[in-house]
Amino acid sequence: MSGPTSATTTGATTASDRPAALLRWLFFSLIVRPAVLVLLGLNLRHRERLPKQGPAILVANHNSHLDTPVLMSLFPQRLLPRLRPVAAVDYFLKDARRAWFARNIMGIIPLERRPEGGADPLLPLERALDRGDILILFPEGTRGEPEKMTALKSGIAHLARRRPDVPVVPIFIHGLGKALPKGEALLVPFFVDLFVGEAIAWSGDRARFMEDLAARFEGLAHEAPPPDWQ
Amino acid sequence: MFVRLDPTIWWTIAGIYAVLLLASVLVFGVGRRVPALGSRDLCQRVTSWWIMATLFAIAILLDRIASLVFLGFVSFLALKEYLSLIPTRRADRRVLFLAYLAIPVQYWWVGTEWYGMFIIFIPVYMFLLLPVRMVLAGETQGFLRAAGTVHWGLTICVFSLSHAAYLLMLPGDDAAAGAGLLLFLVIVTEANDVAQYFWGKLFGRARVTPSISPNKTWAGLIGGILTSAVLAGLLAFLTPMSWWIAALIGAAGGIAGFCGDLVMSAVKRDLGIKDTGGMLPGHGGILDRVDSLVFTAPLFMHFIRYFYY
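Residues numbered from 1 in each chain as written. Chains lettered and ligands numbered in written order. Predicted model: local features only at pLDDT ≥ 70, side-chain atom pairs only at ≥ 80, totals over all residues.

Helix and strand counts for chain B stand at 10 helices and 0 strands. Taken from the N to the C terminus, the helices and strands of chain B come in the order α-α-α-α-α-α-α-α-α-α. In terms of its C-alpha atoms, chain B occupies a principal-axis envelope of roughly 60 × 45 × 30 Å. Across the 309 residues that make up chain B, the buried fraction comes to 44%. Sequence separation of 24 or more characterises 68% of the internal contacts of chain B that already satisfy a separation of 6 or more. (Helix = DSSP H or I, 4+ residues; strand = E, 2+ residues; numbered from the N terminus. Buried ≥ 20, exposed ≤ 12 C-beta atoms within 10 Å, placed from the backbone. Contact = placed C-beta atoms within 7 Å.)

When helices and strands are counted, chain A shows 9 helices and 7 strands. For 230 residues, the compact-globule formula gives about 17 Å, and the C-alpha radius of gyration of chain A, at 17 Å, lands near that figure. Principal-axis analysis of the C-alpha atoms gives chain A an extent of 45 × 45 × 30 Å. Out of the 230 residues in chain A, the part that is buried amounts to 39%. Long-range pairs, those at least 24 residues apart, make up 74% of the contacts in chain A with a sequence separation of at least 6. (Rg over C-alpha atoms; globule rule 2.2 N^0.38 Å.)

The next point concerns the interface of chain A and chain B. Facing 13 residues of chain A, the contacting portion of chain B comprises 17 residues. Here the residues of the side of chain A that touches chain B sort into 7 nonpolar, 4 polar and 2 charged. (Nonpolar A, V, L, I, M, F, W, Y, C, P; charged D, E, K, R; others polar.)

Spanning 29 residues, helix H9 (residues 243-271) of chain B covers 42 Å between terminal C-alpha atoms, matching the ideal 42 Å at 1.5 Å per step. One or two positions beyond H9 of chain B, positive phi appears at Gly272 of chain B, with a value near 75°. (Expected span 1.5 Å × (residues − 1).)

Further remarks concern the environment of Ile119 of chain B. Residue and element names in this part refer to chain B. By the secondary structure assignment, Ile119 is in helix H5 (residues 115-137). Assessed through the 17 C-beta atoms surrounding it within 10 Å, Ile119 is described here as partly exposed. Taking the C-alpha atoms as reference points, Ile119 and Trp109, separated by 10 residues in sequence, lie 9.0 Å from one another.

A few words on the confidence of the model for chain B. Residue-level pLDDT values for chain B average 92, and 98% of them are 70 or greater. Both scores are given for the predicted complex: the pTM is 0.90, the ipTM 0.85. (pLDDT = per-residue confidence, 0-100.)

Residues Leu58, Leu135 and Ile171 of chain A together with Ala78, Leu161, Leu182 and Leu185 of chain B are the most contacted members of the largest nonpolar core, which totals 136 residues. Per-element accounting of this core gives the leading share, 13 residues, to helix H7 (residues 175-203) of chain B. For Leu185 of chain B, the contacting residues outside a window of four places in its chain are Ala164, Leu167, Thr296, Ala297 and Phe300 of chain B. (Core = buried A, V, L, I, M, F, W, Y, C linked by C-beta atoms within 7 Å.)

Let us look at unusual backbone geometry. The peptide bond linking Gly54 of chain A to Pro55 of chain A adopts the cis configuration, its omega dihedral lying at -5°. A positive phi is found at His46 of chain A, a non-glycine position, where the angle reads about 65°. One can find His46 of chain A in the loop between strand E1 (42-45) and strand E2 (56-60). A positive phi angle, close to 55°, is found at Glu113 of chain B, a residue other than glycine.

Before going further, it helps to examine the packing of helix H1 (residues 7-29) of chain B against H7 of chain B. Residue and element names in this part refer to chain B. It is at 10 Å that the axes of H1 and H7 come closest, and there the two elements cross at 20°. Classified by the angle their axes make, H1 and H7 are roughly parallel. Taken as a pair, H1 and H7 cross one another with a handedness that is left-handed. Of the residues in H7, those touching H1 at Thr8, Ile9, Thr12 and Ile16 are Ala176, Ala179, Gly180, Leu183 and Ile187. Residues that form the contact of H1 with H7 fall into these classes: 6 nonpolar, 3 polar and no charged. (Axes fitted to C-alpha atoms, helices over the stretch in contact; angles between N-to-C directions. Parallel < 35°, antiparallel > 145°, perpendicular 65-115°, else oblique. Left-handed = near helix turned anticlockwise from the far one by under 90°.)

Residues and elements named next belong to chain B. For Ile156, the position within the fold is in helix H6 (residues 143-166). By the C-beta count within 10 Å, which is 23 here, Ile156 ends up buried. For the pair Ile156 and Ala78, spaced 78 residues apart in sequence, the C-alpha to C-alpha distance is 8.9 Å.

Every regular strand shows the same layout, with side chains that alternate between the two sheet faces. Residues and elements named next belong to chain A. For strand E6 (residues 168-174), the tally of buried residues reaches 7 of 7 residues, placing the bulk of the element in the interior. Of the pairings in the sheet, the one linking E2 to E6 comprises 4 bridges and is parallel in character. If you follow Ala60 over to E6, its bridge partner there is Ile171. (Pairing = 2+ DSSP bridges.)

Residue and element names in this part refer to chain A. Counting buried residues along strand E7 (residues 192-196), 5 of its 5 residues qualify, which places the element largely inside the surrounding structure. Burial along E7 is two-sided: the residues Val192, Leu194 and Val196 and Asp193 and Phe195 are all buried. Of the strand pairs in this sheet, E1 and E7 are connected by 4 bridges, and their pairing is parallel. The residue of E7 that forms the bridge with Leu42 is Val192. With 4 bridges joining them, E6 and E7 adopt antiparallel strand pairing. Following the sheet pairing, His174 is matched in E7 by Asp193.

In structure tokens form, the structure reads like this:
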């Protein structure tokens, strides 16, 4: 395994690595799926809107480290090698153990938040889409305040512009920020609501695309207003 | 673990499946011609009943420990649903965790037949411990509401429901007799729910409590109580009661179950929701299913314990 400096080239190969792929399969079938079923419990609305295959881009609000594994558990196990969460290099590849787990078990594609020397940070994402992968992105950029949505970053719009045929599927998650918010290590069981929105097409304009996306999240969040959590 | 070979238990479970089979023929077979019977809601309800009855039957037919684990898990699901619905405070995450920990402890008292501890653990010790843990968290805003709602949920989902589990232990070494008591309680309570729904749909007109639940009618209530009384009389062989006492208890259970249903309806109204969850298609959430059991279990357990054991 190469270090974080060659992130753009290694991102593509990790998911097909044999022993890692087996570990990843075991981790999801023996730990993630049973834990999601028993400790959390999902209330998934509009399951039919989830993409059946790649390429596709899932965008979700981000409140917890559990967001990624829970989103990945929505898909059949055979699609696991296709699921690629996009994660920030500066956070996930800082510590060696975390980096190993992020790359091999979660199968992340590292994203350089502040690229240096004119490197194109979206290139590995485009390559993954061209291979038929399903990307998982959190356009808020960070987990932030639990159960509160913040402004969306427009990197997703650049990606959508370059691959206008790939469906962008918004998913609103509620409850995981209560179960395991930022800075907490103790998981408290809560039911989780997941609302899948209709796919958004590239509208030809970055600002309009971002407005569409924000409006879609707004609509999903209002399908079932969550109880108070101060 | 072993399968109990007590014939009365086996025959009763066979009877449950016979009723389910009849319901399936009505809903999926006749329902194709009569749209009122074949509605999506009814089909989902019957399918969910098959799954619930099978899980319950397996838990009963295995040994006592399996039955206790099953009921403890139902308590866990109910509490999780409740805590996900009510407003909670971020500062109380560890308090909620403590509330979850009360479940294995409470069912441990049941399994070890420590009646005194079983009966005071949640009303006394958890009642004192939860607010102390809240004080340590240091958040006073909304303190009273948080302390009240969390303990209320613990009482409903864990304390009340564990009374159904305690029925298993009442006859001492005679495990089959305990299983018979639990079967009697659950069948009569659930049949009462179905009967109230059924009579209400057929003849219901005047509403009992229009401001809380528009679906509850006098015809449903009275039809449910009578049905439960007859069924309880027929099932008296599962218990040490004579048939007419069992029938009276069945009628009382019909009223208690109705009250439990109403209380949960009021909670849902307060929270502005229709169902407590989506776990059981056709029924709603787990609390929608056990709301009447929460009321019938303690009353039935104390009646039986006081007069028969």
